[in-house]
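# Geometric and topological summary
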Amino acid sequence: MIQLLIIKSTIRISGIFAANVIEYNLTPPNSSIFVIIPCFNEASVIRKTVKEVVEKGYHVIVVDDCSKDNPGKQLKGLPIYYLQHRVNMGQGAALQTGIRVALKKGAEYLVTFDADGQHDVNDIDGMIHKLKEDQFDIVLGSRFLPGAGGNISAGRKLLLKAACYLNYLFTGILLTDAHNGLRFMNRHAAESIRLKENRMAHATEILKEIKKHGLKFGEFPVHIHYTEYSKKKGQSLLNSVRIFFDLVLNKIFD
Ligand SMILES: Nc1nc2c(ncn2[C@@H]2O[C@H](COP(=O)(O)OP(=O)(O)OP(=O)(O)O)[C@@H](O)[C@H]2O)c(=O)[nH]1
Ligand SMILES: [Mg+2]
């Protein structure tokens, strides 16, 4: 495959920063589904993650959140959109950037998908089915519904359960899982959801937006693979406390 590197355009988000939009060798797949993959310092795993999604025939938008390890180098030759934040903004901001570009490119369905290799691309099929069958606007992945799989530790399970109740306090929506990066939504949901929480508190903010816009939502059991790599790199207890304070501050100044 001959690699084409085109700096297509520069987009402005909230007037504060810009992201470069680079298209690598883009032969658009025949799909209305765009998978948005936020990425921060995941160079060692990013190619494998992205390749698996590309092979399923979906459009892929990687949002490099100003990584220091040059993931773009690993992605050369893959038919994807590669966006670069010029400063590190956090996962929430990376998702908002990806959603904006996917909508501009005509996406009918949008998926959020972590870069660290924890998700199973085959779960997307089930989520499409669930969304269409139940006429949902958004389907949220859950590690705790019957049929879900993975090797989640008891400590993390406890933390996530506590986060579910905290989400309920902030949003009035009680889910079986919190902070699951795998979500499937239709265009209407993507156009409605506006993320102001740049960092990890965006997961709770999505629920607030679901409620605010009266979006029809459901959960779907998904598989999460915690590797040694992703456990080392993932969210710590300290970060959970940070997320909590982000939410409280947002509530006060909303
Ligand atoms: N930590 C972090 N991740 C980011 C950032 N920007 C984008 N990401 C991406 O967001 C995704 C989720 O990040 P993780 O730190 O694994 O968070 P998580 O999956 O909710 O937490 P774990 O269950 O502990 O893995 C990954 O694909 C990251 O590469 C950022 O500024 N910080
Ligand atoms: Mg992770």
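What counts, and at which threshold
- Within each chain, residue numbers correspond to sequence positions counted from 1 in written order.
- In the order they appear in the text, chains get letters beginning with A and ligands get numbers beginning with 1.
- Per-residue local features are limited, in this predicted model, to residues with pLDDT of at least 70; the limit for side-chain atom pairs, both in listing and counting, is 80 or more; totals at the level of whole chains, interfaces and linings are taken over all residues.
- Numbered from the N terminus, helices here are DSSP runs of H or I no shorter than four residues, and strands are runs of E no shorter than two.
- Exposed residues have 12 or fewer other C-beta atoms within 10 Å of their own C-beta, buried residues have 20 or more, and residues in between are partly exposed; the C-beta atoms are placed from the backbone.
- Residues are defined as contacting one another if the C-beta atoms placed from their backbone atoms lie within 7 Å.
- We call a residue near a molecule or strand if the C-beta atom, set from the backbone, is within 6 Å of it.
- Polar here means any residue outside two lists: the nonpolar Ala, Val, Leu, Ile, Met, Phe, Trp, Tyr, Cys and Pro, and the charged Asp, Glu, Lys and Arg; Gly therefore counts as polar.
- To estimate how far a helix should extend, the number of its residues minus one is multiplied by 1.5 Å.
- Nonpolar core, as used here: buried Ala, Val, Leu, Ile, Met, Phe, Trp, Tyr and Cys residues forming one set through C-beta atoms within 7 Å.
- pLDDT gives the predictor's per-residue confidence on a scale running from 0 to 100.
- If DSSP finds at least two bridges between two strands, the strands pair.
- The crossover handedness rule: strands pointing away from the viewer, path from first strand over the helix to second strand clockwise, crossover right-handed.

### Regarding the overall build of the chain
The helix and strand inventory of the chain stands at nine helices and eleven strands. The proportion of buried residues among the 254 residues of the chain is 41%. Partitioning the contacts of the chain with sequence separation of at least 6, the portion at a separation of at least 24 is 74%.

### Looking at the environment of Ile210
One can find Ile210 in helix α7 (residues 202-212). When residues no more than four places from it in sequence are discounted, the contact partners of Ile210 are Ile138, Ile173, Leu215 and Phe217.

### Here we look at the site of ligand 1
Around ligand 1 sit 18 residues, and of these Phe40, Asp65, Asp114, Ala115 and Gly234 come closest. When residues of the shell around ligand 1 are traced back to their parent elements, those giving at least two are β3 (33-39) and α3 (91-104). Among the residues forming the shell around ligand 1, the class breakdown is five nonpolar, nine polar and four charged.

### As for the environment of Tyr165
Locating Tyr165 in the fold gives a position in helix α5 (residues 154-171). Judged by the 11 C-beta atoms lying within 10 Å of it, Tyr165 is exposed.

### Observations regarding α7
Note: α-helices contain 3.6 residues per turn, so residues at a spacing of three or four share the same orientation. Within α7, eight of the eleven residues are buried, leaving the element largely enclosed by the surrounding structure. Along α7, the positions that sit buried rather than exposed are His202, Ala203, Thr204, Glu205, Ile206, Leu207, Lys208 and Ile210. Downstream of α7 by one or two residues, Gly214 has phi in the positive range, about 60°.

### Re α5
Taking 1.5 Å per residue, 18 residues should reach 26 Å; α5 reaches 26 Å between its end C-alpha atoms and fits that length. In the segment just after α5, Gly172 is the residue with positive phi, at about 80°.

### Some remarks on the nonpolar core
A general trend in soluble globular proteins is that nonpolar side chains are found buried together. Formed by 59 residues in total, the largest nonpolar core has its most connected members in Val35, Ile36, Ile37, Val60, Ile61, Val62 and Leu110. Ignoring anything within four residues of it in the chain, the contact list for Ile61 reads Phe34, Ile36, Ile37, Ile80, Tyr81, Leu83, Gly98, Val101 and Ala102.

### What about unusual backbone geometry?
One non-glycine residue, Asn70, lies in positive phi territory at about 50°. When the 11 C-beta atoms within 10 Å are taken as the criterion, Asn70 is described as exposed. The phi angle at His179 is positive, at roughly 60°, despite the residue not being glycine. Relative to the helices and strands, His179 resides in the loop between α5 and β9 (183-186). Taking the number of C-beta atoms within 10 Å as the measure of exposure, His179 has 19 and is therefore partly exposed.

### Describing the confidence of the model for the chain
The predicted model of the chain averages 87 in pLDDT, with 84% of residues at 70 or higher. Here residues 1-10 scores under 50 on pLDDT; set against residues more than four positions off or in separate chains, the count is 21 contacts. The low-confidence segment residues 12-17, where pLDDT is below 50, has nine contacts with residues more than four positions distant or belonging to other chains.

### Observations concerning the pairing of strand β4 (residues 59-64)
Counting buried residues along β4, six of its six residues qualify, which places the element largely inside the surrounding structure. The pairing of β3 with β4 spans six bridges and is parallel. Its bridge partner lying in β4, Pro38 is registered against Val63. At this point the chain moves from β3, through helix α1 (residues 43-55), to the parallel β4, and the crossover so formed is right-handed. Bridging between β4 and strand β5 (residues 80-85) involves four bridges; their strand directions are parallel. By the bridge assignment for β5, Val63 is matched with Leu83.

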